[in-house]
Amino acid sequence: MKYHIILSSNSPRRKELLAGLDLDFEVRVVKGVSESYPPGLPVMEIAEYIAAEKAEAYKQELGGGNLVITADTVVILGDDVLGKPKTLDDARRMLRMLSGKTHQVVTGVCLTSEDKQKRFSVVTDVTFKELTDGEIDYYVDRYKPLDKAGAYGIQEWIGYVGVTSISGSYFNVMGLPVQRIYDEITKF
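Worth saying up front: this structure is predicted, and the values here are computed from it rather than measured.

**Observations concerning a nonpolar patch on the surface**
On the surface, a nonpolar cluster with roughly 250 Å² of combined accessible area is contributed by I166, Y170 and F171. Along the polypeptide, F171 turns up in helix α6 (residues 170–174).

**Points about the environment of E26**
If you trace the backbone, E26 turns up in strand β2 (residues 25–27). If we skip the residues at most four places from it in the chain, E26 touches H4, I5, I6 and L7.

**Description of the packing of helix α3 (residues 88–98) against helix α4 (residues 133–142)**
Pairs of packed helices are described in terms of their axes, by the angle between the two and the distance that separates them. Following both chains from N to C, one finds α3 and α4 inclined at 140°, their axes separated by 10 Å at the closest point. As summarised for this structure, α3 and α4 are arranged oblique, according to the angle between their axes. The crossing of α3 and α4 is right-handed. Contacts between α3 and α4 pair L88, A91, R92, L95 and R96 from the former with D133, I136, D137, Y139, V140 and D141 from the latter. Of the residues belonging to the contact of α3 with α4, the class tally is 6 nonpolar, no polar and 5 charged.

**As for the pattern of salt bridges**
Enumeration according to the criterion identifies 14 salt bridges in this entry. The partner of E184 in a salt bridge is R180, and the shortest N-O contact between them spans 2.8 Å. Of this pair, E184 and R180 both sit in helix α7 (residues 178–187), separated by 4 residues, roughly a single helical turn. Relative accessible area serves as the criterion here: at 28%, R180 is assigned to the partly exposed category.

What counts and what doesn't
- Residues numbered from 1 in each chain as written.
- Predicted model: local features only at pLDDT ≥ 70, side-chain atom pairs only at ≥ 80, totals over all residues.
- Heavy atoms only, no water.
- Patch = residues over 30% accessible without salt bridge, like charges linked within 9 Å, V, L, I, M, F, W, Y side chains within 5 Å.
- Areas by Shrake-Rupley, 256 points an atom, 1.4 Å probe, with all protein chains shown as cover.
- Salt bridge = Lys/Arg side-chain N within 4 Å of Asp/Glu carboxyl O.
- Helix = DSSP H or I, 4+ residues; strand = E, 2+ residues; numbered from the N terminus.
- Contact = heavy atoms within 4.5 Å.
- Axes fitted to C-alpha atoms, helices over the stretch in contact; angles between N-to-C directions.
- Parallel < 35°, antiparallel > 145°, perpendicular 65-115°, else oblique.
- Left-handed = near helix turned anticlockwise from the far one by under 90°.
- Nonpolar A, V, L, I, M, F, W, Y, C, P; charged D, E, K, R; others polar.
- Buried < 20%, exposed > 50% of the residue type's maximum accessible area, 1.4 Å probe, protein only.

Okay, structure coming up:
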């Protein structure tokens, strides 16, 4: 590997997933990076836009053969974009919205070095069964949905009992499409 890889994420899931590629990397996080996007941006472009915006905060890190990986994940249900819930009640609301429906999980990724940048998005379709209020309350009360887009982690209890089908990358739903990242890094 000709680059020193920097993962710009505090997410324990992203760290675990990138480590699974057996690549050496370090984690560096710039505080206060905005995760906002312009109104009217097509919903399927939001995650990639935010990942590219995050990359801008790392310009000073790009010398010396560094390759910075930034990412953002959103859950899309129709025209609604579900980011991270602000409260536990907001998490319950999101899970009720997803109950019995198919939604898309979109992770935008930006690979940035001193002289080039590669942006891409990966989309996975996820279908939930009809969730009962008891199942939603159980999950929200026992797990940590506030740090997860769409208020759920597929690798947690709610994924075990609620997800009836998935089309696309499972790891993308966890927050990092590692197979695509590996392909892009090897071509970078």
